[in-house]
Amino acid sequence: MSTVDGSGAGAAGDARRAEAPGGRSIASLVTEVARRFDARIATANLPVYRASTVLFDSLAQADATGRATMAGVRHASTYGTAGTPTTHALMDALAEVEGRGHACRAALMPSGLSAIATALLAFAKTGDHVLMPDSVYGPARQFAQGMLAGLGVHTTFYDPRIGAGIEALMRPQTRVVYLESPGSYTFEVQDVPAICAVARRHGAISMIDNAWASPVFARPFDWGVDLSILPLTKYWSGHADTLMGAVVAREALWPTLWNAVRQTGLCVGGDDAFMILRGLRTVEVRMRRHEASGLKVARWLEARPEVARVLHPALPGHPDHALWKRDFDGACGLFSFELRREALPAGEDGPERGLAALCEGRRFFRIGYSWGGFESLIVPARIGSLRTATPWSGGPLVRVHIGLEDPAELIADLDAGLGAMRTA
Ligand SMILES: Cc1ncc(COP(=O)(O)O)c(C=O)c1O
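Domain parsing of the protein yields domain 1 (22–49 + 84–281) and domain 2 (283–422). Using C-alpha coordinates to define each centre, domain 1 is positioned 26 Å away from domain 2. Facing the 34 residues of domain 1 at the interface are 34 residues of domain 2. At the level of elements, α2 (26–32), α6 (138–150), β3 (154–158) and α10 (270–281) are the ones that each hand at least two residues to the side of domain 1 that touches domain 2. Examining the composition of the side of domain 1 that touches domain 2, we find that 3 residues originate from one element, α2, more than from any other. Taken together, the residues of the side of domain 1 that touches domain 2 break down into 21 nonpolar, 7 polar and 6 charged.

The following block contains the structure:
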C-alpha cells in the first residue's frame, strides 16, 4: 500500500520495512542480495565472469551438468548461454527482489522488448488468444500485431481500466492476459488483482510489464500475476548505459520459460549483468529522489495555464489515484502532461512548432526515448496510432522523465520551455 500521496506526504519507510519479507526492508534487500558467493578474497562486489566455454573434468560430469541445465536446475551451466556465476547471481537477485517472498525464478534477456517477446512466445501458441491493454508499450503492440499474429495468435486490445470486466473478453482460447500498469504514455492504473483473478479462473496466464514501478514500488506477485517482465534497462540499471530485460516467473511456470530461453539462445554477458547488479545497490535511494522530484514538477505543471491535466497516478486528481494508493508503494519519475490546444501557436504547423520549442534547447531535459536513468528527458507522446479500444481524444501529450537533478532547476527549465512554446 502506498504511503505517499500527491498531497505532499513524504516516504514512510517504517511501514515498508515492517511489510518486507524476512524482516528486511527493500533498502536492505537490494544491497544484500547476490553477495553470497565463494571467493578466496571476499570482495564487496562479485567478479565478472566472461565465458562462452565451460570446462569439465570428466564426461560424466559434463553429461550430468547437461541434464541439469536442460532441466533448469539453479546454477547449472554447460555453456555461456546457460549462465555464469555473474549472471546466475543476477538471476537469483531478480527472483528474490521481484518475488518478495514468492517462489520465483528469473531468466535474462538482452533487452526489455526481448523479454516481452520471449514471455509471449513461451506461453502463446498457434490458435491461442491474447488480451493486451490498449495502453501497452508500443513495440509490444507491434510484436503482437506482427510476429504473434503471423504465428496464428490473435490479440484483442482492451480498455486498461476494464478491471474485473475483462471476464467478458475471455474466450476458451485465451491463454495470456497481458498487463502494464500504469500504461505507457497515458498512465492508467490497472486493477491488477481483479484481472489476474479472472485470468486464473479461466486457466490463462497473467503477465505484467512492471517497468514503471522499479524494484521498489510494486509487488506484482502479491497482486497475483504469474510472470513479471522487467525492462532492467530502466530503473534497475539507472544509469542509461546498459540494455537488459528479464522475465520473473512463478516456479511452476519456470520449465516452460526456461525451455523457450534455451531454444532461442537468449542470454546476456557478464559485464552487463554486473552493471545491473551495481545499479540495484542504489535503486532504493534513487527512487525516493525520482518520486519526490517527480511530484514537485507534476504539481507545478498542474498549476500552469498551458497544461490541461497532468497524468501522474500519485496526484489526488488522477482518476486511478485510489487504485494506485491501494497497490503501489510509491511513484517513479515518469509521467505525462496534456497541453491545452489554445496554448499552442496558431496555424497549421503551430502545434509542431510549439512542441519543438518546448522540447528543444532545454538545459536539463534532453529529447530521448528512454527513461529510468539519472537524467531528465522529454518527448512528445504521439499515441494516435497506438490506441484502438480507447482512442485518444485529448490535446498534445508530452512525456517527461524526472531525473536526479535539482527539481527547482528542472522547473525553471520547463518554465523556459513553456514560454518558448507560447511564442514559437
Ligand atoms: C514500458 C516499457 N516496457 C518495455 C520497454 C523496453 O525496454 P528495452 O528498452 O530494454 O527494450 C520500454 C522501453 O522504453 C518501456 O517503456
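A word on the site of the ligand. In the neighbourhood of the ligand, the contacting residues comprise S111, G112, L113, Y137, S184, D209, A211, P231, T233, L243, G245 and S370. When grouped by side-chain class, the residues that make up the shell around the ligand number 5 nonpolar, 6 polar and 1 charged.

Bringing unusual backbone geometry into the picture now. Of note, the amide linkage connecting S181 to P182 takes the cis form, showing an omega dihedral of -5°. One can find P182 in the loop between β4 (174–180) and α7 (192–201). One non-glycine residue, Y185, lies in positive phi territory at about 70°. A positive phi angle, near 60°, is found at F187, a position not held by glycine. Of note, F187 is situated in the loop between β4 and α7. Classification of F187 as buried rests on a count of 25 C-beta atoms within 10 Å.

Bringing the environment of D406 into the picture now. Here D406 shows up in the loop between β12 (397–401) and α14 (407–422). As for D406 and W300, which are separated by 106 residues in sequence, their C-alpha atoms are 14 Å apart.

Below, the discussion takes up helix α9 (residues 254–264). Inspection of α9 places W254, L257, W258 and V261 among the buried residues, and these make up the whole buried set. Each buried residue of α9 lies within a common arc of 95° when the element is viewed along its axis, so the set occupies one face. Residues of α9 that are buried sit in contact with β1 (104–109), α5 (112–123) and β7 (245–250).

Quick notes on the rules
Residues numbered from 1 in each chain as written. Predicted model: local features only at pLDDT ≥ 70, side-chain atom pairs only at ≥ 80, totals over all residues. Domains from an automatic or database assignment. Contact = placed C-beta atoms within 7 Å. Helix = DSSP H or I, 4+ residues; strand = E, 2+ residues; numbered from the N terminus. Nonpolar A, V, L, I, M, F, W, Y, C, P; charged D, E, K, R; others polar. Near = placed C-beta within 6 Å. Buried ≥ 20, exposed ≤ 12 C-beta atoms within 10 Å, placed from the backbone. Arc of directions from axis to C-beta.

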